[in-house]
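In case you want the letters, here they are:
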Amino acid sequence: MDVISLVLQDAYGRVQLGGLPSKDFRELAPVIIASISSPSVTSGLSPPSIESDKSYQKEKEIISHCHGNVVLQVTPLALSLVEKMSVKLLDNKSPQDLRLYIQSLFRVLHEEFNLISSTLSLFGNSNRLLSHLAAKCLSSLLICELQSSNARGIVMQRMCEEAFQMHSSCYKLDAAIWSLTAVIKEVLKGNTGHKSEHIEILLTRTDSGITSWYSSLLLAEDIRNACDWETTLTTFMDLLEALTAVRFRLGTCFSSQRLLFLQAPVLLQLLDTRVDYFVKKHVLLLLKKTLLQRTGEDWLSGAPFPTAHGDPYLAEDMGALTESVLEAVDCGWLSHVPVSASPSFFGGTNQSCSEERADDVMLRAVSLVLLKSLEHQTQSAHSKSGSQTIHTLRHLNKLLLFLNQHCVQLRQSCHPCFCVSLVFADQDDDMVEAARALIILHTHQKSLGVLSAASSCEKGLNPHCHFVLLLRVLMFDHSVLLDFLISSETCFLEYIVRYLKLLRDDWEGFCNSCRLIEGQDVQRQGRGWRKNSSQTSAMHDRSTVSEMRESHSGDSPSNACSGPHACSRLVDYGSSEDSGEEKEEVDVCAGSPDTGRKVPAGSHSSEGDRQCVSLPDSKASLEPSKQVALVKCTQTSLAQKVVLCLMELRTVVSRLQRKNLFPYNPASLIKLLALIEEKVD
């Protein structure tokens, strides 16, 4: 192997183990720069300027030893070595002598050999591996400079001078955008306590350059005809997401961080261009994450996003974004949103799918973008005018038309409220967000006195239907609701509190919604709409008063637990201490053909078209007189399942609270759940 490769491999191995390279830093620097800036690697690009004639002669001698494939071996190795040294320099556990060696080496590379120009020259290399490694190397150098107390801004200054001069779609621009995005992500993910300071330093230098990129990439017509514009645009969307995540997390507000909000019409218009489908999906997902304030959730872990209270323009900018969305919808934007006839698959096909199903990712994104925009406009409205009411209902009508156009199952359901459970069934957090937005819109419209129970269902705005259908998707499993309450990934606590208050005041509307859903289930079953018996809820035999009493006395057998959600709980909350005495086997499912089997309290069972729901423990379960009242009050097995699920939820939350195992104080939630149980009296 060439002597250059041996030198670089020796240095990389020693640095990785925390030792010093065998060569002095003044001898190693020309080797690194020669491996990076060789004319055969840069494909004819001019080599970087050399300030020291003596150093230039050393470099020239070393380059003469590099030939052909050897260059393709030493260049990635040299870039990886620089990146590894940057990581070691930032690691406080690295030996002090190694950190001093790396600092001296980097000083020579920057001052005498212009390492940044050499690295930037590789951004446009036809070998995409070299281009990507160069981008990673530059981002590591920039992160190292930001977190160094003696940073003089050499890397950032030279990057800004050269990188922001690129305004056309090319490999070089893609690598530059990716490198800057990687720096922002790494700073935001880091454990340092100076994130805001580092971001402010970075954006102070790059703010104007990012703004110019936005104008040249999204506003210029000629750039849209570039052959690789889709890649550049997707990379730039990642940069906008990183900037928005920083704004939500740290509260910084630069001009580049406001672009997504103030110039949203430019992004919305992209869906009416000839760009690839995946780019349009990327744009919609970015808008959805921004409105939900979840930008960066794919690469950020830990605590949920806090709201940036220090940003004085956030509310104004969110208002501008939502207003742009609603104006676009008024102008027929939904008709230009493409929805693939089949969902996306990674490396496969949809031949195994038995029925045609639209791309749910796009349907969910469009729905949430519009619903969150309506929610924000509703909450920020200072006056309750009739025009605002017509405005909201008109947009909901357009959304329903859009969903009916692309969702076959929704057209067959004949009930607009099914849109939440059908479109969002595969994404729990999105489903909760949609239900929360709809209940806020329903409450606002009802307060204006223009929304009746019938019109609520016509607009797909009935929160009772949404909640019942949500529980049915979850197979009435209270443990899933408990997971939602404990999880920080959903807003389920706020949603269920809002709904329980509504249920407390509108019990009759809840019962009517249950009857309506069951009646439509029977109609769909007659047409053969629902073929999978494990998912049906139409075949529910009503329990009689005598059967309820028999089940309370323990004489009525039950079926085994076989529901998909009932048997796949994340945590067995009934396995905690003293839970055994609370598992009295009480069942309310009468007429089960199976005998001699018991199901612990709080579990569900289903067999064929029948589904059994057992009462909670005897301490919290209803007396026989209340069970009779429950049947008389609800007059429907669907409503019975909902109430029993809420009873089970109250039981397990109360038990966890008594043992100080609940992550917050659920007293108000328990009180609301207890009030619902009183409705059966």
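What you see is a predicted model, and the numbers here were worked out from it, not measured in a lab.

This part covers the overall build of the chain. Of the regular secondary structure elements, the chain holds 29 helices and 2 strands. A buried classification covers 56% of the 681 residues belonging to the chain. Put simply, 77% of the contacts in the chain that link residues at least 6 apart link residues at least 24 apart. Surface accessibility of the chain: about 29100 Å² in total, with carbon and sulfur atoms responsible for 50%.

This brings us to empty space enclosed by the protein. The tally for this structure, following the rule as stated, stands at 5 cavities of 30 Å³ or more. Lining the largest cavity are 14 residues, and of these Leu-371, Leu-399, Leu-403, Cys-419 and Leu-438 lie nearest its centre. Where the lining of the largest cavity is concerned, the elements lending two or more residues are α16 (360-380), α17 (386-406), α19 (418-423) and α20 (428-447). The element contributing the most residues to the lining of the largest cavity is α17, with 4 residues. Taken together, the residues that form the lining of the largest cavity break down as 11 nonpolar, 2 polar and 1 charged.

The next point concerns the confidence of the model for the chain. Do not read the fine detail of predicted coordinates wherever pLDDT is low. Per-residue pLDDT for the chain averages 77, and the proportion of residues at 70 or more is 70%. Per-residue pLDDT stays below 50 along residues 529-621; that stretch engages in 196 contacts with residues further than four places along the chain or on separate chains.

Structurally, the position occupied by His-395 is in helix α17. Residues contacting His-395, with those up to four places away along its chain left out, are Leu-326, Val-329, Asp-330, Leu-370 and Leu-374.

Considering all chains together, one arrives at 9 aromatic pairs under this definition. Measuring from centroid to centroid gives 6.4 Å for Phe-467 and Tyr-495, while their planes differ by 45°, and the two rings are tilted. Within this pair, whereas Phe-467 is found in helix α22 (residues 463-473), its partner Tyr-495 is found in helix α24 (residues 492-505), the two being separated by 28 residues in sequence. The exposure class assigned to Phe-467 is buried, which follows from its relative accessible area of 0%. Of the residues examined, Tyr-495 reaches a relative accessible area of 1% and is grouped as buried. When the ring of Phe-492 is compared with that of Tyr-495, the centres are 6.1 Å apart and the planes differ by 55°; the resulting orientation is tilted. Of the two residues, Phe-492 and Tyr-495 are both situated in helix α24; the distance of 3 residues between them amounts to about one turn of the helix. The same class applies to Phe-492 as to Tyr-495, namely buried. Taking NZ or CZ as reference, Arg-247 lies 4.9 Å from the ring centre of Phe-261, over its face.

So, about the pattern of salt bridges. Applying the stated criterion to the full structure yields 23 salt bridges. For the salt bridge of Asp-298 with Lys-289, the shortest nitrogen-to-oxygen distance reads 2.8 Å. Residue Asp-298 is classed as exposed on the basis of its relative accessible area, which comes to 58%. The class for Lys-289 is buried, based on a relative accessible area of 13%.

Right, let's talk about the packing of helix α14 (residues 277-292) against α16 for a bit. Between α14 and α16, whose axes approach to 9 Å, the crossing angle comes to 35°. The crossing of α14 and α16 is left-handed. Contacts between α14 and α16 pair Tyr-277, Lys-281, Leu-284, Leu-285, Leu-287, Lys-288, Leu-291 and Leu-292 from the former with Val-361, Met-362, Ala-365, Val-366, Leu-368, Val-369, Lys-372 and Ser-373 from the latter. Its residues assigned to classes, the contact of α14 with α16 shows 12 nonpolar, 1 polar and 3 charged.

Bringing the nonpolar core into the picture now. Judged by nonpolar contacts, the single largest core of 191 residues is most densely connected at Ile-32, Trp-213, Leu-218, Phe-236 and Phe-510. Of all the elements, helix α28 (residues 637-658) adds the most residues to this core, at 12 residues.

Attention now moves to unusual backbone geometry. The backbone of Gln-293 shows a phi angle near 55°, a positive value even though the residue is not glycine. Structurally, Gln-293 is set in the loop between α14 and α15 (314-330). Assessed through its relative accessible area of 23%, Gln-293 is described here as partly exposed. Notably, Asn-660 is not glycine yet its phi reads approximately 55°, a positive angle. Mapped onto the elements of the fold, Asn-660 is located in the loop between α28 and α29 (667-677). For Asn-660, a relative accessible area of 70% puts it in the exposed group.

With 16 residues, α14 extends 23 Å from end C-alpha to end C-alpha; this agrees with the ideal 22 Å at 1.5 Å per step. Where α14 is concerned, the buried positions are Val-279, Lys-280, Lys-281, Val-283, Leu-284, Leu-286, Leu-287, Lys-288, Lys-289, Thr-290, Leu-291 and Leu-292. Directly beyond the C-terminal end of α14, a positive phi value near 55° is found at Gln-293.

It is worth spelling out α29 at this point. What α29 keeps buried is the set Leu-669, Ile-670, Leu-672, Leu-673, Ile-676 and Glu-677. Take α29 and look down its axis: the buried residues cluster within an arc of 160°, on one side only. When the buried face of α29 is taken as reference, the exposed residues oriented beyond 90 degrees from it are Ser-668 and Lys-671.

Let us now look at the packing of helix α8 (residues 154-163) against helix α10 (residues 195-219). Axis separation between α8 and α10 bottoms out at 11 Å; the angle between their running directions is 5°. By the angle class used here, α8 and α10 are roughly parallel. Counting all contacts with α8, which are made through Met-156, Gln-157, Cys-160 and Ala-163, the residues of α10 involved are Ile-201, Leu-202, Arg-205, Thr-206 and Trp-213. Split into classes, the residues belonging to the contact of α8 with α10 amount to 6 nonpolar, 2 polar and 1 charged.

In this fold, Phe-484 is placed in helix α23 (residues 478-486). Put simply, Phe-484 and Asp-429 are 55 residues apart on the chain and 8.8 Å apart in space, counted from C-alpha to C-alpha.

Taken as a whole, this structure holds 0 disulfides when the rule is applied. Here Cys-407 stays free of any disulfide, with the sulfur of Cys-419 as its closest cysteine sulfur at 9.1 Å. A relative accessible area of 6% means that Cys-407 is categorised as buried.

Let us look at the environment of Cys-645. Mapped onto the secondary structure, Cys-645 falls in helix α28. C-alpha of Cys-645 to C-alpha of Phe-476: the two residues are 169 residues apart in sequence and 5.9 Å apart in space. Once residues within four sequence positions are removed from consideration, Cys-645 is found in contact with Leu-471, Phe-476, Asp-477, His-478 and Leu-481.

What counts, and where the lines are drawn
- Within each chain, residue numbers correspond to sequence positions counted from 1 in written order.
- For a predicted model such as this one, the threshold for reporting local features is a pLDDT of at least 70, and the threshold for listing and counting side-chain atom pairs is 80 or more; totals across whole chains, interfaces and linings nevertheless cover every residue.
- The basis for the side-chain values is all heavy atoms of the structure; hydrogens and waters are excluded.
- Helix and strand labels come from DSSP, where a helix needs a run of H or I of at least four residues and a strand needs a run of E of at least two; each type is numbered from the N terminus.
- Burial classification: accessible surface area is computed with a 1.4 Å probe over protein chains only, and a residue below 20% of its type maximum counts as buried, one above 50% as exposed, and the rest as partly exposed.
- Note on contacts: a residue pair is in contact if any heavy atoms of the two residues lie within 4.5 Å.
- Using a 1.4 Å probe, accessible areas were evaluated by the Shrake-Rupley method; residue-level cover was limited to the displayed protein chains.
- Of the two site types, the cavity is a set of points on a 1 Å grid over the protein atoms alone where a 1.4 Å probe fits but cannot get out, and the pocket is an open set with protein on both sides within 12 Å along at least five of seven lines, each lined by residues with an atom within 4 Å of a point.
- Grid points are joined across faces, edges and corners, and a volume is the space filled by probe spheres set on the points.
- When residues are grouped by polarity, Ala, Val, Leu, Ile, Met, Phe, Trp, Tyr, Cys and Pro land in nonpolar, Asp, Glu, Lys and Arg in charged, and all others, Gly among them, in polar.
- Looking at any residue, its pLDDT shows the predictor's confidence there, from 0 to 100.
- In summary, the pairing rule links any two rings of Phe, Tyr or Trp, Trp by its six-membered ring, whose centres are within 6.5 Å, and it sorts them by plane angle into stacked for under 30 degrees, edge-to-face for over 60 and tilted for everything else.
- We call a charge positioned above a ring when the Lys NZ or Arg CZ atom is no farther than 6 Å from the ring centre and deviates by at most 35 degrees from the ring normal.
- For this analysis, a salt bridge means a side-chain nitrogen from Lys or Arg found within 4 Å of a carboxyl oxygen belonging to Asp or Glu.
- Angles here are taken between N-to-C directions and fall from 0 to 180 degrees, while the axes themselves are lines fitted to C-alpha atoms, restricted in helices to the stretch in contact.
- Crossings are sorted by hand: turned counterclockwise from the far helix by less than a right angle, the near helix makes the crossing left-handed, and turned clockwise it makes it right-handed.
- Residue types Ala, Val, Leu, Ile, Met, Phe, Trp, Tyr and Cys, when buried and joined through side-chain atoms within 4.5 Å, form a set referred to as a nonpolar core.
- Each helix should span, by expectation, one fewer than its residue count multiplied by 1.5 Å.
- Here the arc refers to the set of directions running from the helix axis out to each C-beta atom.
- Oblique is the label for any angle not covered by the other classes, which are roughly parallel (under 35 degrees), roughly antiparallel (over 145) and roughly perpendicular (65 to 115).
- The rule for a disulfide is simple: a pair of cysteine sulfur atoms within 2.5 Å.

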